[in-house]
Amino acid sequence: MDQQDNLIFISIASYRDAQLVPTVEDCLAKATQPDRLRFGICWQHGPEEAELPFQSDPRFRILDIDWRDSRGACWARAAIMQLWQHEAWYLQIDSHCRFAPGWDETLITTARQTGSPKPILSTYPPPFEPAQQENLGGDAMQMAFQGFTPEGIPFMKPIGIPDWIFRSQPMRARFLAAGFLFAPGSFVEEVPYDPELYFIGEEITMTLRAFTSGYDLFHPCNRIVWHDYVRAYAARHWEDHTSDNKVERSWGDLDLHSKEKVKRILAGQPVDNCGLGTTRTIADYEAYAGINLRLRKGQNYTLLAGEPPNPQSDASWVDEIYLWLVRVPIATANLPKGSFDNPSFWCVCIHDEGGHEIFRRDFPRAELTTLSRSEPMVYLVCEFQSGIIPFQWSVSPVSSAQGWLQKIAGVLAKADYTIVLEEPA
């Protein structure tokens, strides 16, 4: 086989990230054939950052960008795609990752295992934390439907793939992830990244555009990449790009424009560029994924992360999905030490009677600061769509200093949840 058939173009959008160099070094060190790798990097940085050690390496194509000129991750990924030189494969990752030994061979082999002429391998990778001795463990992960934002944009959550260690084939997926995506190089030409998108809605629009362009979605059933989710050391684009920093466009302006375009795409309306494909329709995707985008509902099979395509169902399924209001009662004495000390977020999950997760929400620091640690009980309110009766809850606090703390759990009393008969306008 010609070497060109195995070249992998690796897209890395890096925003003021101290983990960029360790990520690249690990990527090269763990590859079976590092000479077949070609890197496209959008290096968004300040003058205080050291020069990249691989700038003279011919395998690297680097866009050197002052961080003040950045328009966000989608803008950067779109710019990187312009550096693609018809390599056979396209890998998109974030700049804070680690890799499994032989990851390049594994990805190509797994893509060919799918039997699809246009496969996409993608997921939320398992977590790791940068350290001298790094723990690269955890389950192989899938992306599960979580709910809709107030704007009607679907969003997803990571959960483990059941019995992944015994599976020899990739599983079908409903969604693709922006931080780990592997596809044939044709993806760059057929589903080019939209520089007008900002953050919320990036993954669902790319999912729809890929699916309607004839790409088939899969999760690899092994661990290939790990991702640092906490990133306590990192600057965030939305924290930097404010009027105080005299940037050309604030993140709020970029986000508002982005969400308006996302809503048009989800509604099937035409857009000026980076719109839907013509091989499949939105209705085809909704039937495959078990989601109604207009009514903002997901089937129970979808909520429980059953492997797609969803079982065939008539349109009446939406009448069996209700809006739940759940009040999670938490005894402050049961929370692990450090829960209130500079929290990053608390991961709150609602489960059915069998322990299956039917809803997850990460409560941000801004909401947690309104809670009083001096009270014997604190309450967190979750609102979500489901045809499944909530039964249990769990809370996993995440500290900015200590990372994930011990999980606590409990059973819901009937007084803790109710069905909202009329949805808010």
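Shown above is the structure to which this text applies.
Definitions and cut-offs
Residues numbered from 1 in each chain as written. Predicted model: local features only at pLDDT ≥ 70, side-chain atom pairs only at ≥ 80, totals over all residues. Heavy atoms only, no water. Helix = DSSP H or I, 4+ residues; strand = E, 2+ residues; numbered from the N terminus. Rg over C-alpha atoms; globule rule 2.2 N^0.38 Å. Buried < 20%, exposed > 50% of the residue type's maximum accessible area, 1.4 Å probe, protein only. Contact = heavy atoms within 4.5 Å. Areas by Shrake-Rupley, 256 points an atom, 1.4 Å probe, with all protein chains shown as cover. Lys, Arg positive; Asp, Glu negative; His and termini not counted. Charge placed at Lys NZ, Arg CZ, Asp CG, Glu CD. Patch = residues over 30% accessible without salt bridge, like charges linked within 9 Å, V, L, I, M, F, W, Y side chains within 5 Å. Salt bridge = Lys/Arg side-chain N within 4 Å of Asp/Glu carboxyl O. Core = buried A, V, L, I, M, F, W, Y, C linked by side-chain atoms within 4.5 Å. Expected span 1.5 Å × (residues − 1). Pairing = 2+ DSSP bridges. Axes fitted to C-alpha atoms, helices over the stretch in contact; angles between N-to-C directions. Polar contact = N/O pair within 3.5 Å; in protein donor to acceptor, adjacent residues only side chain to side chain.

The helix and strand inventory of the protein stands at 10 helices and 22 strands. On C-alpha atoms alone, the protein measures out to a radius of gyration of 22 Å, which is about the 22 Å that the 2.2 N^0.38 rule sets for 425 residues. Each principal axis of the C-alpha atoms in the protein carries an extent, and together these give about 65 × 50 × 45 Å. Expressed as a percentage of its 425 residues, the buried residues of the protein come to 55%. For the protein, long-range pairs separated by at least 24 residues make up 72% of all intrachain contacts whose partners lie at least 6 apart in sequence. Total accessible area on the protein stands at roughly 19200 Å², and carbon and sulfur atoms take up 50% of it. Charge separation in the protein, taken as the distance between the mean sites of 38 positive and 55 negative side-chain charges, equals 2 Å.

The next thing to look at is helix 2 (residues 73-81). Of the residues making up helix 2, those classed as buried are Cys74, Ala76, Arg77, Ala78, Ile80 and Met81. Tucked inside the fold, the buried residues of helix 2 contact strand 1 (8-15), strand 2 (37-45), strand 3 (60-66), strand 4 (89-94), helix 4 (186-190) and helix 5 (202-212).

Further remarks concern the side chain of Glu87. Here Glu87 lies in the loop between helix 2 and strand 4. Exposure remark for Glu87: the relative accessible area of 3% places this residue in the buried category.

The next subject is a nonpolar patch on the surface. Together, Phe199, Ile200, Trp238 and Trp251 line one region of the surface with nonpolar side chains, adding up to about 370 Å² of accessible area. The partly exposed category is assigned to Phe199, whose relative accessible area is 46%.

Another aspect to go through is the nonpolar core. One finds Ile120, Phe175, Phe187 and Tyr285 to be the most contacted residues of the largest nonpolar core, which totals 47 residues. Of all the elements in the fold, those that place two or more residues in this core are strand 1, helix 2, strand 7 (141-148), strand 10 (180-184), helix 4, helix 5, helix 7 (251-266) and helix 8 (282-289). Non-local contacts of Ile120, meaning those with residues more than four positions away in its chain, are made with Leu176, Leu181, Phe182, Ala183, Phe187, Ala210, Tyr215, Asp216, Leu217 and Phe218. Residues Ile10, Cys97, Leu107 and Ile108 belong to the second largest nonpolar core, which totals 30 residues.

What follows covers helix 7. A rise of 1.5 Å per residue sets the reference length of helix 7, with its 16 residues, at 22 Å; its end C-alpha atoms lie 22 Å apart and thus fit the reference within 8%. The complete set of buried residues in helix 7 reads Leu254, Asp255, Ser258, Lys259, Lys261, Val262, Ile265 and Leu266. Packing partners of the buried residues in helix 7 comprise strand 8 (154-160), helix 5, helix 6 (237-240) and helix 8. One or two residues past the end of helix 7 sits Gly268, with phi positive at roughly 80°.

Turning our attention to the sheet that holds strand 9 (residues 171-172). With mixed pairing, the 8 strands of this open sheet are ordered in space as 3-2-1-4-10-6-11-9. Only two strands of the sheet have a single partner each, and these edge strands are strand 3 and strand 9. In terms of strand pairing, strand 1 meets strand 2 through 8 bridges, oriented parallel. Across the sheet, residue Ser11 finds its bridge partner in strand 2, namely Gly40. Packed onto the sheet, helix 3 (residues 103-113) meets strand 1, strand 2, strand 4, strand 6 (119-122) and strand 10 and runs at close to 120° relative to strand 4.

What follows deals with the sheet that holds strand 15 (residues 322-331). Taken in spatial order, the 3 strands of this open sheet run 18-15-22, and their pairing is antiparallel. In this open sheet, the two edge strands, each paired with only one partner strand, are strand 18 (377-386) and strand 22 (417-420). Here the average twist between neighbouring strands, direction ignored, is 20°.

This next bit is on the pattern of salt bridges. This structure, assessed with the given rule, holds 28 salt bridges. For Glu48, the salt bridge is made with Arg16, and the minimal N-O distance between the two is 3.8 Å. Taken together, the positions of Glu48 in the loop between strand 2 and strand 3 and Arg16 in the loop between strand 1 and helix 1 (20-30) put the pair 32 residues apart, joining distant regions of the chain. Relative accessible area serves as the criterion here: at 56%, Glu48 is assigned to the exposed category. Overall, Arg16 belongs to the partly exposed group, its relative accessible area being 25%. When the shortest N-O distance is used, the salt bridge between Arg360 and Asp362 registers 3.0 Å. Assessed through its relative accessible area of 13%, Arg360 is described here as buried.

With that settled, consider the environment of Asp284. Following the sequence through the fold, Asp284 ends up in helix 8. Among the residues examined, Asp284 registers a relative accessible area of 37% and is labelled partly exposed. The sequence separation of Asp284 and Gln312 amounts to 28 residues, and the corresponding C-alpha distance is 12 Å. A polar contact of 3.0 Å, which involves the side chain of Asp284, links it to the backbone nitrogen of Thr281.

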